[in-house]
Amino acid sequence: MRRLPALLIAVSLYGYTPAKAASEPVQAQAAQPLRVVLDDGYPPYAFRDASGRLRGLLPELWTLWQQQTGIHVELRGMEANDALQTLRDGQADLFDGLRSKPGTIYPDLSTHAYARVEADIYVSAGISGITDLPSLRSFKVGVRDGDACIDHLVAGYVGTLKRYESYESLVRGVVNEDVRVFCMDQLPARHYLARYDLQPEFPQAMPAFSSELNRAVRRDHAALLADVEHGFETLPEARVQALEKRWLGSGDTPFSLLASRYGPHALVGILLGAVALLVWNQTLRRRVSLRTRELAATLESLRETETLQRAIIHTLPDGIVLTDEQGIIRHVSDRMLELGHFAQAQLLVGHSLFEFIGDGEHERARAAFEHVISTGGTRAQIVRLRRGDGLEYLAEVDAALLHDQAGHNTGLLLVLRDVTERQRTQEELRRAAVVYESTTEAMIITDATGSILAVNGAFTRITGYASEAVIGGTPQQLHRHSCCCDAEVYASILTQLRNGGHWQGEVRAERQSGEHFPAWLTINEVRDEHGDVANYVGVFSDISQLKRSAEQLDYLAHFDALTELPNRTLFHARLDHALARAARDGQRMALLFLDLDRFKDVNDSLGHGAGDELLIAFSRRLRQRVRTEDTLARLGGDEFVILIENIHSDDEPATLASDIVELSAGAFLLCGGTEVFIGVSIGISLYPDTSGDASSLIRDADAAMYLAKTSGRSTFRFHNEALTLRAQQRFALETSLRRALEHEEFVVHYQAQIRVSDGRPVGYEALLRWRRNERLVAPDVFVPLAEETGLIVPIGEHVLRTACREAAAQRSAEPFTIAVNLSPCQFRQRRLVERIAAILEETGLDGHRLELEITESAITASADDAVRTLSALKALGITLSIDDFGIGCSSLASLKRLPIDKLKIDRSFVAGLGHARDDQEITLAIISMGHNLGLQVLAEGVETSEQLMFLRKHGCDLVQGFLLAAPSPVAEFIPSA
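Residues numbered from 1 in each chain as written. Predicted model: local features only at pLDDT ≥ 70, side-chain atom pairs only at ≥ 80, totals over all residues. Heavy atoms only, no water.

In the annotation of an unreviewed UniProt entry, the entry for the protein reads PAS domain S-box-containing protein/diguanylate cyclase (GGDEF)-like protein, and the organism field reads Plasticicumulans acidivorans.

Draft legend 1. Broad picture of the overall build of the protein. Scanning the protein from terminus to terminus reveals 34 helices and 37 strands. Looking at the protein as a whole, 46% of its 977 residues qualify as buried. If you take every contact in the protein between residues at least 6 apart in sequence, the share linking residues at least 24 apart comes to 62%. With an accessible surface of roughly 48,800 Å², the protein has 53% of that area assigned to carbon and sulfur atoms. (Helix = DSSP H or I, 4+ residues; strand = E, 2+ residues; numbered from the N terminus. Buried < 20%, exposed > 50% of the residue type's maximum accessible area, 1.4 Å probe, protein only. Contact = heavy atoms within 4.5 Å. Areas by Shrake-Rupley, 256 points an atom, 1.4 Å probe, with all protein chains shown as cover.)

Draft legend 2. The arrangement of the sheet that holds strand S4 (residues 54-55) in detail. Strand order in the open sheet made by the 3 strands is S2-S3-S4, with antiparallel pairing throughout. The sheet is open, and its two borders are formed by strand S2 (41-42) and S4, each paired with just one other strand. Summarising the sheet, strand S3 (residues 46-48) and S4 pair through 2 bridges and their orientation is antiparallel. Residue pairing for S4: Arg-48 is matched across the bridge by Leu-54. (Pairing = 2+ DSSP bridges.)

Draft legend 3. Region of the structure containing the sheet that holds strand S7 (residues 109-123). Ordered in space as S5-S1-S6-S11-S7-S10-S8-S9, the 8 strands form an open sheet in which the pairing is mixed. Edge strands, defined here as strands with exactly one partner in the open sheet, are strand S5 (73-78) and strand S9 (161-164). Between one strand axis and the next, the sheet turns by 30° as a mean value, whatever way the strands run. Running over the sheet, helix H7 (residues 186-195) touches S7 and strand S10 (181-185) and is turned about 120° from S10. (Axes fitted to C-alpha atoms, helices over the stretch in contact; angles between N-to-C directions.)

Draft legend 4. Main features of the packing of aromatic side chains. One pass over the full model with this rule turns up 18 aromatic pairs. A centroid spacing of 5.9 Å and a plane angle of 75° characterise the contact between Phe-47 and Trp-247, whose relative ring orientation is edge-to-face. Of the two residues, Phe-47 sits in strand S3 while Trp-247 sits in helix H9 (residues 237-248), which places them 200 residues apart along the sequence. Neither Phe-47 nor Trp-247 differs from the other in exposure class; each is buried. Aromatic side chains Phe-182 and Phe-202 sit 5.2 Å apart centroid to centroid with 70° between the ring planes, which places their arrangement in the edge-to-face category. (Phe/Tyr/Trp six-rings, centres within 6.5 Å; stacked < 30°, edge-to-face > 60°.)

Draft legend 5. Structural context of the side chain of Arg-218. Here Arg-218 shows up in strand S11 (residues 205-218). One buried charged side chain, Arg-218, makes no salt bridge at all; its nearest oppositely charged neighbour is Asp-220, positioned 4.2 Å away. (Lys, Arg positive; Asp, Glu negative; His and termini not counted. Salt bridge = Lys/Arg side-chain N within 4 Å of Asp/Glu carboxyl O.)

Draft legend 6. Spatial organisation of the state of the cysteines. Scanning the model with the defined rule gives 1 disulfide in all. A sulfur-sulfur separation of 2.2 Å characterises the disulfide bridge that pairs Cys-149 with Cys-183. Because the torsion about its S-S bond is -70°, the bridge between Cys-149 and Cys-183 counts as left-handed. Pair noted here: Cys-149 is in helix H5 (residues 148-155) and Cys-183 is in strand S10, with a separation of 34 residues, a long-range link. Per residue, the accessibility class of Cys-149 equals that of Cys-183, and both read buried. (Disulfide = S-S within 2.5 Å.)

Draft legend 7. Expanded view of the nonpolar core. Among the nonpolar cores identified, the biggest contains 72 residues, and Leu-737, Ile-836, Leu-850, Leu-852, Ile-854, Ile-900 and Leu-903 are the most heavily contacted of them. Here this core takes 9 residues from helix H26 (residues 792-809), the largest share from any one element. Once residues within four sequence positions are removed from consideration, Ile-854 is found in contact with Leu-822, Phe-827, Ile-859, Leu-870, Leu-880, Ser-881, Ile-882 and Asp-883. Core analysis: the next-biggest nonpolar cluster, separate from the first, contains 46 residues, Tyr-42, Leu-58, Phe-182 and Val-217 among them. (Core = buried A, V, L, I, M, F, W, Y, C linked by side-chain atoms within 4.5 Å.)

Draft legend 8. Representation of the pattern of salt bridges in the model. Evaluation of the coordinates by the stated rule reveals 57 salt bridges. Across the salt bridge formed by Glu-361 and Arg-364, the nearest N and O atoms sit 2.8 Å from each other. The exposure class of Glu-361 is buried, given its relative accessible area of 15%. Among the ionic contacts, a cluster of salt bridges with common partners joins Asp-39, Glu-79, Arg-99, Arg-144, Asp-147 and Asp-185.

Draft legend 9. Examining the confidence of the model for the protein more closely. Looking at the protein as a whole, the pLDDT averages 83, with 86% of positions reaching at least 70. Ranking the elements of the protein by mean pLDDT puts helix H1 (residues 3-14) last with 30 and strand S37 (residues 958-960) first with 95. The low-confidence segment residues 1-31 (pLDDT under 50) makes 42 contacts with residues lying over four places distant or belonging to another chain. Residue range residues 251-270 is modelled with pLDDT below 50. Its contacts to residues more than four positions away, or to other chains, number 28 contacts. (pLDDT = per-residue confidence, 0-100.)

Draft legend 10. Spotlight on the packing of helix H28 (residues 832-843) against helix H30 (residues 863-875). Relative to each other, H28 and H30 sit at 20°, their axes nearing to 10 Å. In terms of orientation, H28 lies roughly parallel with respect to H30. Like other packed secondary-structure pairs, H28 and H30 cross with a definite hand, here right-handed. Two secondary-structure elements touch here, H28 through Leu-832, Val-833 and Ile-836 and H30 through Thr-869, Ala-872 and Leu-873. (Parallel < 35°, antiparallel > 145°, perpendicular 65-115°, else oblique. Left-handed = near helix turned anticlockwise from the far one by under 90°.)

Draft legend 11. Summary view of the packing of helix H3 (residues 57-69) against helix H8 (residues 222-233). Contact pair H3 / H8: the axes reach a minimum separation of 10 Å and the direction vectors enclose 90°. By the angle between their directions, the pair H3 and H8 is classed as roughly perpendicular. Between H3 and H8, the residues in contact are Leu-61, Trp-62 and Trp-65 and Val-228, Gly-231 and Phe-232, respectively. Across the contact of H3 with H8, the residue classes tally to 5 nonpolar, 1 polar and no charged. (Nonpolar A, V, L, I, M, F, W, Y, C, P; charged D, E, K, R; others polar.)

Draft legend 12. The side chain of Thr-923, seen in detail. Here Thr-923 is to be found in helix H33 (residues 917-932). If we ignore the near neighbours within four places in the chain, the residues touching Thr-923 are Ile-905, Phe-909, Leu-913, Phe-950 and Leu-951.

Draft legend 13. Here's a closer look at the pairing of strand S19 (residues 502-510). Bridge analysis of S19 against strand S20 (residues 516-527) gives 9 bridges, and the strand direction is antiparallel. Paired with Val-507 across the strands is Ala-519, a residue of S20. Here S19 folds back onto S20 in antiparallel fashion, the turn holding 5 residues, of which Gly-514 has a positive phi close to 95°.

Draft legend 14. Spatial organisation of unusual backbone geometry. Note that the residue after Pro-43, namely Pro-44, is joined by a cis bond; omega there is 5°. Following the sequence through the fold, Pro-44 ends up in the loop between S2 and S3. Going from Tyr-687 to Pro-688, the amide bond is cis rather than trans, its omega being 0°. When you line up the elements, Pro-688 lands in the loop between strand S27 (679-687) and helix H23 (694-710). Positive phi outside glycine occurs at Ser-714, with the angle close to 50°. Locating Ser-714 in the fold gives a position in the loop between H23 and strand S28 (716-718).

Draft legend 15. Looking closely at the pairing of strand S15 (residues 392-403). Looking at chain direction, strand S14 (residues 381-386) and S15 are connected through 6 bridges and run antiparallel. The residue of S15 that forms the bridge with Val-383 is Ala-395. Connecting S14 to the antiparallel partner S15 that follows it, the hairpin turn spans 5 residues, and Gly-390 within it adopts a positive phi of roughly 95°. Looking at chain direction, S15 and strand S16 (residues 409-418) are connected through 9 bridges and run antiparallel. Looking across to S16, one finds that Ala-395 is bridged to Asp-418.

Draft legend 16. Representation of helix H34 (residues 945-953) in the model. Within H34, burial applies to Gln-947, Leu-948, Phe-950 and Leu-951. What you see down the axis of H34 is that its buried residues fit within an arc of 160°, all on one side. Residues of H34 that are exposed and point over 90 degrees away from its buried face: Glu-946, Met-949 and Lys-953. Tucked into the core, H34 has its buried residues touching helix H32 (907-910), H33, strand S36 (936-940) and S37. (Arc of directions from axis to C-beta.)

Draft legend 17. Here's a closer look at a nonpolar patch on the surface. Taken together, the side chains of Leu-308, Ile-312 and Leu-316 define a hydrophobic patch exposed on the protein surface, amounting to about 260 Å² of accessible area. Along the polypeptide, Ile-312 turns up in helix H11 (residues 267-315). For Ile-312, a relative accessible area of 45% corresponds to the partly exposed category. (Patch = residues over 30% accessible without salt bridge, like charges linked within 9 Å, V, L, I, M, F, W, Y side chains within 5 Å.)

Draft legend 18. View of the environment of Gly-505. Considering the arrangement of structural elements, one finds Gly-505 in strand S19. If near-sequence neighbours (up to four positions away) are discounted, Gly-505 is found in contact with Ala-519, Trp-520 and Leu-521.

Draft legend 19. Broad picture of the environment of Thr-69. Tracing the backbone shows Thr-69 in helix H3. Put simply, Thr-69 and Phe-232 are 163 residues apart on the chain and 9.3 Å apart in space, counted from C-alpha to C-alpha. At 3.2 Å, the side chain of Thr-69 and the backbone nitrogen of Ile-71 are in polar contact. (Polar contact = N/O pair within 3.5 Å; in protein donor to acceptor, adjacent residues only side chain to side chain.)

What follows is the structure, encoded as structure tokens:
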């Protein structure tokens, strides 16, 4: 408090009245106050209280400065970036509270550092292991937008930053646990941690970096800054220390340390200081008044210059970016905002340039940046940048190093242009050039008059002409021996090019050697920006091989590749033409349908290669007998047809059929010396006698061929109405079978299996019945057809599922088994075991209660596969029995390998018991063999007492038949518990 009394003493000695002396300058300043802006989000230096009033150390220091100097100070608080821009725009005279790293030089500002501040990284007490910047990379770090912490963290490759608009919003984010790590200057951090009672949560901090608080003016106002600092030097030390202690909590603060060197102790010093203060005060007032007028004129000039510069910058097609030496963006042009799709400059200013670098390009971009900073040289590069909407684009960047008047580096000037389309166009041109040279199609480019400008490598390869031999000539000159097309086609080409700018078609081209070849030519015109024809582009390919392939495909489409006979397609075409001629001319025709006998045996025993040889040899014999005017064709497999036109009697096709049967009876000698003997069955249909169209001719001949098969093979038969009726009935039955499955017309009846020893039922066999038109159809009527058509598989699965479900639903006093027949088709199914296991699980029937009956023929077809399948079924607990045992060809060796439980004696042997000695001996042998192998034996088809007595006498285990129980629905035979 020494300076204020000393000033009063000096004033009184000189007879000077402060109020009077100060009145004139104060009035002069009333119109032109000193405009000062502060960062109002930096407690305890400057902040706003709950009522919005500007509070803190700096507002009170400026109040003291105003009182000391008599100069009116207009204080405004705002966000730091806004304050800096306000100063640069000339809307403020001084910015107090500018934070920067030590040694930072601003090209357009004069600064004075008056306090040193430390920034720390605060980590929640619940997080351990944070010792340096690399250990922060997996954490989200809270920062104030535009703060120097961002540069520090980005330089340490800590990229996951959560930005907040102010320190207070950052701390509220900490309170809400949005972030648990944040970077902030020490003094604001202490203020907010105390205010929100967060000291226990953040007891320690990790030092980050140091910075300085500055007062700043525009560079052309450096004298004003010196005067202002002189005024601060004259403030009463005690008052300053009291304010510091109040706001900073200690007299030993960064601010007070800078001020502590002042404080005269001698009266002479006090008087001199007072006199100097009065002189300085008057001088400052006059200088401020004069400088204000000068500044107004200069400001107007600067505004005009700035307006011109901004107009120039913002009309440039390129974007402009100014950064400091660390890459922090200080200014962007409007064009840059357009290029980057940013709504306002604040989205870029204060951010690190490297935040907007595309993925995977950070290291290359940083290396280029550091190269310019270290060498001062410019360097143009293509860089992938991220736009404001999240998309990326390619920019060509030119960088220039900026210097201040002293030659110090102040940052970079970056000029950016969007080259995405240019790069895409260049890439397309590069690809087009690669396609042009690497394509297999010849390309020729002419000008509008037809003069050849360029040809590609494929043109040389196809025609034999080198490019230098044809450039400058015309396409017509390449046809030395003949024109590429006749006059009519040439005129059509010109007409289509004039009307639509495009033509394509087949032409006859000529090689340099004079050889002609077919070519597929496409011509397109190319127009310039005025719409005039500039070029013609012709693309052609040699289609010789394509035409040969087409001819081959046409041959394969109409002829059998193995026998070279007409195939089904060509035969049908010829048959339609023959029928039309016969109908027109009133002629008769005959169709012979041939099928080789025992051809399957050849395939199965000697292989398909031998079968193919046999088909070729047979077709050669047929050619020797058939007339050239007749049509001989192979329909497929071992089926052939012969069409005889204009016959006069039935003897003609009969004679031909007889000859073919005879010539096919001879041995066929195959490769390797193997002799094969076969026969042929032939069916004959006649037009118009028995058949009136193509489909009926083939159908009727096919039916007659099957009649020949059933008549002993190696013969021929004519078609008649009875055959047609039988075929129609068979087809109708197949159709009904399919509908029966869809409409659930199949039902299951059950027949008891009786234990001979006590006469009690121990199981039931599920028997399939077809309820058709309210009557039951016997299985022997439809089962053979179902097996032939493959319908037995879904039908058999229906029976199995129904039997298992109904058996599982019954609760009888004694458990019983349910026996279901598996057809050979079912037994050969690849996923049979999985399907049966699924049905057991679905219905809930225990596998031990299911018995599957398999015929000998199904098992002997492939013994090894049968053993594997039966073993898998056995693993499910299922009982296995061989049905109709004794009528097949099972060997005892194969029988011994099978994991079966029961043998069922076929009903044909049971029927002869009591009167046929052979049937009795076979039955006794089966019972004895079964018992010796540890198997149960069941006799089916027991219909008389004599049969039952014989079976009981000789130890048969089980019997089944109408004598004991007829098949009936489930509700009629299984007693409930």
